[in-house]
Amino acid sequence: MAGEGSVFAPSLEGMKHVKSEQGEMLTKPFLDVCKLILPVIDKFGAALAIVKSDIGGNITRLETKYSSDPTKYKLLYSMIQEEVQAKTAKGSSSCTNGLLWLTRAMDFLVELFRNLLTHQDWTMSQACTDSYSKTLKKFHGWLASSSFSVAMKLAPDRKKFMDVISGKGDINADIDSFCSTFSPFLAENHKFLASVGMDDLKAS
């Protein structure tokens, strides 16, 4: 399939496998989809470098835990439940924290791509800043917010970016599928995290 379809094609394929037949979120397929989105973030260059390293770090943290016992941690929420019971979920290096920030970063990306679809007249900086204020901003402290604002000024030219990510696919249709298919998984993560009192943690 190389060279066919847009940069979203691999993650759209991967999303078909995120849930078990019983409808449970599976750890490895979910993390794999998040990993497949990293090349899309690469195309933003320096503007989203912070987001990319954050996402990469959280994926690695969750993958490391999963690899320690793939059977035990087959379901995404099993590692969170274990930490909640052990009262370690609030720790800054916990998997709970990792999943929370990974989900928030993905919310930001979904919102950003929605903006690019809906507001054809917006610059990339506008699209980034708007999605940041709707998603990550309220959880970030002053320092994170200011470094984010600086990074947004480095956003690439919108048309060039769209050309780069389009490939041979129908980019608008792929963005639409990506947003509508991925959002419910993210909403489910939030719902689960909220059920254990972990959805509103802020960054220091």
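Residues numbered from 1 in each chain as written. Predicted model: local features only at pLDDT ≥ 70, side-chain atom pairs only at ≥ 80, totals over all residues. Heavy atoms only, no water.

Turning to the overall build of the protein, a few remarks are in order. Secondary structure summary: the protein contains 9 helices and 0 strands in total. Put simply, the protein runs from its N terminus to its C terminus through helices and strands in the order α-α-α-α-α-α-α-α-α. For 204 residues, the compact-globule formula gives about 17 Å, and the C-alpha radius of gyration of the protein, at 17 Å, lands near that figure. On the principal axes, the C-alpha backbone points of the protein span a range of 50 × 40 × 25 Å. Considering the protein as a whole, with its 204 residues, one finds that 47% of them fall into the buried category. Residue pairs in contact within the protein that sit at least 24 positions apart in sequence constitute 74% of those at least 6 positions apart. When the accessible surface of the protein is summed, it comes to about 10,000 Å², and 57% of that surface belongs to carbon and sulfur atoms. (Helix = DSSP H or I, 4+ residues; strand = E, 2+ residues; numbered from the N terminus. Rg over C-alpha atoms; globule rule 2.2 N^0.38 Å. Buried < 20%, exposed > 50% of the residue type's maximum accessible area, 1.4 Å probe, protein only. Contact = heavy atoms within 4.5 Å. Areas by Shrake-Rupley, 256 points an atom, 1.4 Å probe, with all protein chains shown as cover.)

Before going further, it helps to examine the confidence of the model for the protein. Model confidence for the protein is summarised by a mean pLDDT of 92, while 98% of its residues fall at 70 or above. Element-level pLDDT for the protein is lowest in helix α7 (residues 142-152), with a mean of 83, against a maximum mean of 97 in helix α4 (residues 78-86). (pLDDT = per-residue confidence, 0-100.)

The subject of this paragraph is the layout of surface pockets. Of the voids in this model, the largest pocket is the one considered here, and its volume is about 230 Å³. For the largest pocket, the full set of lining residues is Ile50, Val51, Asp54, Trp101, Ala105, Leu136, His140, Ala144, Ser147, Phe148 and Ala203. Counting residues per element, the ones that place at least two in the lining of the largest pocket are α3 (49-68), α5 (95-118) and α7. When its residues are assigned to classes, the lining of the largest pocket shows 8 nonpolar, 2 polar and 1 charged. Taken as a whole, the second largest pocket spans an internal volume of roughly 190 Å³. Looking at the second largest pocket, it is lined by 12 residues, and the ones nearest its centre are Asn58, Arg61, Ser92, Asn97 and Trp101. (1 Å grid on protein atoms, 1.4 Å probe; cavity = no way out; pocket = protein on both sides within 12 Å on 5 of 7 lines; lining within 4 Å. Points joined across faces, edges and corners; volume = space filled by probe spheres on them. Nonpolar A, V, L, I, M, F, W, Y, C, P; charged D, E, K, R; others polar.)

A few words on the pattern of salt bridges. Counted by the stated rule, this structure contains 11 salt bridges. In this structure, Lys35 engages Glu63 in a salt bridge whose closest nitrogen and oxygen atoms are separated by 2.4 Å. Residue Lys35 is located in helix α2 (residues 27-42), and its partner Glu63 is located in helix α3; the two are separated by 28 residues in the primary sequence. Residue Lys35 is classed as partly exposed on the basis of its relative accessible area, which comes to 34%. Overall, the relative accessible area of 22% leaves Glu63 in the partly exposed class. Put simply, Glu82 and Lys65 hold a salt bridge, and the shortest N to O gap is 3.4 Å. Here Lys65 lies in helix α3 and Glu82 lies in helix α4, a separation of 17 residues in the sequence. Lys65 gets classed as partly exposed once you look at its relative accessible area, which sits at 23%. If you follow the salt bridges from partner to partner, you end up with Glu111, Arg114, Asp130 and Lys134 in one network. (Salt bridge = Lys/Arg side-chain N within 4 Å of Asp/Glu carboxyl O.)

Here the focus is the packing of aromatic side chains. Two descriptors summarise a pair of aromatic rings, namely the distance from one centre to the other and the angle between the planes of the rings. Applying the stated criterion across every chain, the model contains 12 aromatic pairs. Relative to Phe113, the ring of Phe8 lies with its centre 5.0 Å away and its plane at 85 degrees, an arrangement referred to as edge-to-face. You can see Phe8 sitting in the segment before α1 (9-14) and its partner Phe113 sitting in helix α5, a full 105 residues away along the chain. Judged by centre distance (4.3 Å) and plane angle (35 degrees), the ring pair of Phe44 and Phe161 falls under tilted. Of this pair, Phe44 sits in the loop between α2 and α3 while Phe161 sits in helix α8 (residues 158-166); the two residues are 117 residues apart in sequence, bridging distant segments of the chain. Accessibility expressed as a relative area gives 2% for Phe161, which makes it buried. (Phe/Tyr/Trp six-rings, centres within 6.5 Å; stacked < 30°, edge-to-face > 60°.)

What follows covers unusual backbone geometry. A positive phi angle is found at Lys87, which is not glycine, with a value near 60 degrees. Here Lys87 shows up in the loop between α4 and α5. Under the relative-accessibility criterion, Lys87 is labelled exposed at 74%.

Bringing the environment of Ala127 into the picture now. Within the secondary structure layout, Ala127 lies in helix α6 (residues 124-134). As a C-alpha pair, Ala127 and Ala105 span 22 residues in sequence and 15 Å in three-dimensional space. Apart from residues lying up to four places away in sequence, Ala127 is in contact with Leu112, Asn115, Leu116 and Trp122.

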